[in-house]
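Summary of structural features
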Amino acid sequence: MAQICERQGNVPEARHDLQHALTIWPNDIELLRAAARMEDRVGNMPVAESLYQRAVSANPQHPGALNDYGLCLAREGKLEQSVQTLEQAVYLQPDKPLYRNNAATVLVEMRDDQRALAHLSAVHAPAEANFSLGQLLVERSRPQDAAKYFQAALGIDPAMQPARTALAQLNISTPGQAPAALAQRTALPRQDEITPLGSQPAPQQSVPQPTFPETARAPLVGQSTALQQASPNLISGTAPSAAAPTIRTAAVPHYLPPTTPLGPSPLVR
């Protein structure tokens with residue numbers, strides 16, 4: 001009922017239904033995740049974070065809850081805490097590309113590229129891992145660093161046309177020389193100086209505000225783990241329905257603290 005109300009634009013009624021359900025089944029992890037995702041979608045980030053924390057506390061061994069919580073922390077700019085949480089999900093399910101991809105996304109934002117590459121290489125072929133890291137670096141406006149990883153991908157697989165195309169689109173004709181429009185950006189200090197091909201560190205680049213995976217905010221209708229070769233925008237679930245509205249409310253909702261359950265939850269799968 002809460003999901004139906006939210007799709008109809010009635011967020012207060014959806015919140016009321018979730019709050020009522022949580023008074024009956026306060027430790028049901030899927031209820032907690034559903035409530036957290038809804039608050040995440042409407043921008044109530046402190047409330048969303050609190051609900052994600054409750055979900056993780058209810059089941060610390062649930063990698064999906066840890067993944068959701070880690071992405072919420074990343075969107076709030078808490079990158080160190082985010083990557084620690086995402087790596088807990090990786091530890092519990094190390095062969096799932098979804099969690100590795102999300103950890104790599106946050107690590108690139110932290111400029112820990114080699115650690116990001118290690119996560120990608122654990123679940124993707126070497127050429128694909130280098131290519132995906134290059135794409136992430138392009139999105140962070142770091143073309144010089146991206147070029148090195150595209151070159152590394154081509155060194156492993158010379159027939160990898162997406163890497164060749166991506167490298168050509170950077171329009172970097174000479175190693176270490178960026179296009180003038182990119183070179184004009186304000187430099188920020190690097191936290192790592194390791195490059196994949198042994199070349200000199202690239203000129204420092206400015207970093208825009210991060211864009212992290214949005215799908216922890218999506219309704220629980222399934223998850224996708226495929227790494228999209230054309231774009232490594234890494235995801236944690238399915239995209240929100242086009243009909244689902246995004247509505248912000250001024251009031252901060254109150255979710256009752258955990259109480260003793262009145263009975264077994266009908267939502268336990």
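Heads up: the structure comes first, above all this text.
All of these numbers come straight from a predicted model, not from anything done at the bench. (Residues numbered from 1 in each chain as written. Predicted model: local features only at pLDDT ≥ 70, side-chain atom pairs only at ≥ 80, totals over all residues. Heavy atoms only, no water.)

Right, let's get into the side chain of R37. Secondary-structure assignment places R37 in helix 3 (residues 29-41). A polar contact of 3.0 Å, which involves the side chain of R37, links it to the side chain of D68. (Helix = DSSP H or I, 4+ residues; strand = E, 2+ residues; numbered from the N terminus. Polar contact = N/O pair within 3.5 Å; in protein donor to acceptor, adjacent residues only side chain to side chain.)

A separate point is helix 4 (residues 45-58). End to end, helix 4 covers 20 Å across 14 residues, agreeing with the expected 20 Å (1.5 Å per residue, within 8%). Every buried residue belonging to helix 4 is among M45, V47, A48, E49, L51, Y52, R54, A55 and V56, and all of these are buried. Where the residues of helix 4 are buried, they touch helix 2 (11-24), helix 3 and helix 5 (63-75). (Expected span 1.5 Å × (residues − 1). Buried < 20%, exposed > 50% of the residue type's maximum accessible area, 1.4 Å probe, protein only. Contact = heavy atoms within 4.5 Å.)

A separate point is unusual backbone geometry. Phi angles above zero are rare outside glycine, and R111 is one such case at about 65°. Looking at the secondary structure, you find R111 in the loop between helix 7 (97-109) and helix 8 (113-123). Given a relative accessible area of 7%, R111 falls into the buried group. Positioned with a positive phi, S141 is a non-glycine residue whose angle comes to about 60°. Inspection of the secondary structure assignment puts S141 in the loop between helix 9 (126-139) and helix 10 (143-156). Using a relative accessible area of 15% as the deciding quantity, one classes S141 as buried.

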